Amino acid sequence: MTLDPSADAALVTHELRGKVLLVTIDHAPVNALSADVRRGLLAAIEAADADASIEAVLIVGAGRNFIAGADIREFGKPPVPPALPDVCNRIEACTKPVVAAIHGAALGGGLEVALAAHYRIAVDGAKLGLPEVQLGLLPGAGGTQRTPRLIGAAAALDLILSGRHTDAKEALAMGLVDRVGRSGDILAEGLAYTHELLAARASVRRTRDAAALADRAASLATVATARAETAKKSRGLFSPLKIVEAVEAAIEQPFDDGLRLERKLFLQCIDSPQRAGLIHAFFAEREVLKAPETRDAKARALDAIGVVGGGTMGAGIAVAVLDAGLPVTMIERDDASLARGRAHIEKVYDGLIARGRLSAEKKADIMTRWSGSTSYDALAAADLVIEAVFEDPAVKQAVFAELDRVCKAGAVLATNTSYLDIDALAASISRPADVIGLHFFSPANIMKLLEVVVPKPVSADVVATAFELAKKLRKTPVRAGVCDGFIGNRLLAVYRSAADAMMEDGASPYQIDAAVRAFGFPMGPFQVVDLAGGDIGWATRKRRAATRNPAARYVQIADRLCERGWFGQKTGRGFYLYSEGSRSGTPDPEVEAIIDAERVRAGITPRTFSDEEIVRRYMAAMINEGANVVHEGIALRPLDVDVTLLYGYGFPRYRGGPMKYADMVGLPTILADIREFAKEDPLFWRASPLLIDLVQRGADFASLNQPA
Ligand code: 3HC
Ligand code: NAI
């Protein structure tokens, strides 16, 4: 029996099960708390209070989750009543016991609904958490007030500041839920628990009255510690300190006053650009998964993987494959190199063992899935092979000729090249439709980005297979077209050039790095060079010397360092000086002297740069090249550029990526900057046709972020 067959009934239904009103939220895909769901929940509680035959209420979610939280798509739009805090308060005020039965996600507003209920049961597989911080928010429907009252300040701050998910067992231990159901049948478990509560004459029990903060002094001390740690750790993030403030209010103020403060702080977070950036990142990282080929084609088998080359990348890729539970066959050029390749892999696992994160038995078990050979014939059964040999077209072509010879029909042949022309590589063998680029980032077992580089002749199901591999490896794939550097390294080359030019014009590398860090990157461009090894870029520059536009500005400072063998951390000095074994460098006066000499050689009178100008130039270069990459179809949409920079290049997530950042600054401002900088170097600062077009039309990059 449906009591209220209103329009909302489609998303929230309620029906009598004996004396229990069963309220089911059915709003695919994740039961987010849209306005209709909020209205439906409110109506259900009203109905329960109004009907004397109802003795208790049970709230469940249909499908795979309880409730994934507020409807993130509504943020930034005009609010539609009823507000979630009011819905939660109404649930809590219900005069009959309300039980939340949790399976799958009970996150953010979803957990807040459960906390407003009077009793909670969860089953295995439940994910409970308050992840709002990851969206630049704080729990805004009573979560900062009810959670500490229920589980204490320390546990609440841990959950809310980390945004982590906890499981049913841990939730029970911390007092977040009252019961863990034995079976996975959420409805049966929820009904049984509710009937049990009724039989025991359990009364309404409101979380607002819970007493876990009774030791006020200890709770305040916990908050003080959290405040100090958060100030240190939150690196420019806005919401974490607001969270601490709200939890402090839970200790110091009556519940309703605390709720009011929470609301005020929540709205401040909603209005912050960080919220806009983080929510853009949330949707963008889901949108990149939907490349056109993944819709139209079915992935090929992925049961046996081959890797050619056991160096930095080959070994890292092999670890990523092993970690996904797949077998890997590694090919190297001789026995010694193969042994080194295996040793690189073992080193990763030995590191985990040393830190107590892996057992020796588990490592041995993983290594049974590794096999190595110096003969390509060992790849005869592989479904997909990833080549990661030297960055040399001739060497790669020779490897692909061997793959063409030995691999079975339908095997996917992938290259991890950073820059080389994959179209040409594909054309060099008899099965170009099977060739694709899989550009991993170093360390390949850690870094989340995987550029899937799509050459013209590749077949759609090969692209779909690459996306399937990314899923198995838990990587974030971004579809890219073939060009020099694809998406990420192409942008990197340009913003590095902007940084080099500023260095030669008068900014020190240390000032540039500091300004870029203050913007939110974990490292500045010169620290990155020192980490990756200056020799890598030097080799690329030498390779390209013959084809470089002679009219383009070329800053030689990095070459001067490399000529001295100063390759960065691994040689103890690069742009910075590194003491034995240290990874953090100190400024080097000799480097500054070299820079001075280079300025003299280039006839440049150094000038000062403000940190703000450094960031403006750095970002304008990045954004302009991002626009070029979209304009040329190398990236499907601006959001693909954003995800590339977020996942592969340390772009601060709370700024959403360079294209989102550009939209927030305003494209006319970015274009005006580029035109101003072009007065000094018109060749480098050529405004992208796409940027010009968008500004002329009064449009922004977001307008191009349509589904792929
Ligand atoms: N609002 C709107 N849409 C949401 C959503 C939400 N809260 N959560 C997920 N979605 C959408 C996704 O965008 C995706 O849409 P798409 O199919 O069009 O791409 C779809 O639901 C499925 O999501 P996933 O692909 O992520 O599905 P998974 O099964 O892998 O993961 C999940 C499910 C664990 C629930 C994950 O989606 C998730 O973590 N969601 C966000 C949870 C969250 O942050 N909640 C807090 C919201 S803020 C809040 O509640 C404020 C409150 O305090 C007032
Ligand atoms: P590396 O020099 O560490 O390893 C290359 C390995 O390939 C060596 O172990 C070598 O013995 C082996 N090898 C060479 N010729 C071979 C052949 N014919 N058959 C079998 N094995 C052969 O190089 P690295 O850094 O691992 O780079 C590999 C590829 O990955 C290059 O194309 C590079 O551009 C690309 N790449 C590198 C990144 C990095 O940060 N190092 C990042 C992303 C891509």
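Residues numbered from 1 in each chain as written. Chains lettered and ligands numbered in written order. Predicted model: local features only at pLDDT ≥ 70, side-chain atom pairs only at ≥ 80, totals over all residues. Heavy atoms only, no water.

### Quick word on the site of ligand 1
Our working rule: Consider each residue's heavy atoms; a residue with any of them within 4 Å of a molecule or strand counts as near. The definition of a polar contact used here is a pair of N or O atoms within 3.5 Å, where within protein one atom must be able to donate a hydrogen and the other to accept one, and adjacent residues in sequence count solely through side-chain atom pairs. Only the protein chains shown count as covering a residue, and every accessible area follows the Shrake-Rupley method with a 1.4 Å probe. The numbering of helices and of strands both runs from the N terminus, where a helix is a DSSP run of H or I of at least 4 residues and a strand a run of E of at least 2. Amino acids are sorted into nonpolar (Ala, Val, Leu, Ile, Met, Phe, Trp, Tyr, Cys and Pro), charged (Asp, Glu, Lys and Arg) and polar (every other residue, Gly among them).
Near ligand 1 there are 26 residues, and of these A70, G109, E112, E132 and R286 occur at the shortest range. Contacts to ligand 1 include I72, whose backbone N or O atom sits 2.9 Å from a nitrogen atom. With respect to ligand 1, the side chain of K290 contributes an N or O atom lying 2.8 Å from an oxygen atom. Taken by itself ligand 1 offers 990 Å² of open surface, and the protein chains cover 78% of this. Every element with two or more residues in the shell around ligand 1 is listed here: β5 (105-107), α3 (109-116) and α11 (273-287). Sorting elements by how many residues they give to the shell around ligand 1 places α11 first, with 3 residues. A class-by-class count of the residues in the shell around ligand 1 yields 15 nonpolar, 4 polar and 7 charged.

### With respect to the nonpolar core
Note the cut-off: As used in this record, nonpolar core signifies buried Ala, Val, Leu, Ile, Met, Phe, Trp, Tyr and Cys residues forming a set joined through side-chain atoms within 4.5 Å. Burial classes: relative accessible area under 20% of the type maximum marks a residue as buried, over 50% as exposed, and values in between as partly exposed (1.4 Å probe, protein chains only). Source of the domain bounds: an automatic or database domain assignment.
Counting 93 residues, the largest nonpolar core has L379, L403, F575 and F701 as the members making the most contacts within it. For this core, the leading source of residues is helix α25 (residues 611-631), giving 11 residues. Both of domain 2 (302-480) and domain 3 (488-704) provide at least three residues apiece to this core. In terms of nonpolar packing, the next biggest core, distinct from the first, is built from 69 residues, A126, L137, L138 and M174 among them.

### A closer look at the site of ligand 2
In the region of ligand 2, 24 residues are neighbours, and M313, E332, R333, E391 and K396 sit closest. A distance of 2.8 Å is found between an oxygen atom of ligand 2 and a backbone nitrogen or oxygen belonging to M313. Side-chain polar atom of E391 to an oxygen atom of ligand 2: 2.5 Å apart, as the coordinates give it. Here ligand 2, which alone exposes 830 Å², has 79% of that area covered by the protein. Every element with two or more residues in the shell around ligand 2 is listed here: α13 (312-323), α16 (393-406) and β15 (435-440). Top contributing element to the shell around ligand 2 by residue count: α16, with 3 residues. Split into classes, the residues belonging to the shell around ligand 2 amount to 10 nonpolar, 10 polar and 4 charged.

### Some words on the packing of helix α26 (residues 638-648) against helix α27 (residues 658-665)
Note the following rule: Helix axes are fitted only over the stretch in contact, all axes being lines through C-alpha atoms; the angle between N-to-C directions runs from 0 to 180 degrees. The criterion used for residue contact is that any of the two residues' heavy atoms lie within 4.5 Å.
Where α26 meets α27, the axes come as close as 7 Å, and the angle between the chain directions of the two elements is 115°. Between α26, through P638, V641, D642 and L645, and α27, the contact on the second element is made entirely by P658, M659 and K660. A class-by-class count of the residues in the contact of α26 with α27 yields 5 nonpolar, no polar and 2 charged.

### Regarding the domain arrangement of the protein chain
Where we set the bar: For any pair of parts, buried area is found by adding up, for both, the accessible area (1.4 Å probe) each one loses once the two are put together.
For the protein chain, the domain assignment lists domain 1 (12-271), domain 2 (302-480) and domain 3 (488-704). Between domain 2 and domain 3, the residue contacts involve 13 residues of the former and 13 residues of the latter. Here domain 2 packs against domain 3, burying approximately 1,200 Å² in sum over the two surfaces, 60% of which is carbon and sulfur. For the side of domain 2 that touches domain 3, the secondary structure elements donating two or more residues are β16 (449-454) and β17 (476-481). Among the elements that take part in the side of domain 2 that touches domain 3, β17 stands out by supplying 4 residues, more than any other. Its residues placed into classes, the side of domain 2 that touches domain 3 shows 6 nonpolar, 3 polar and 4 charged.

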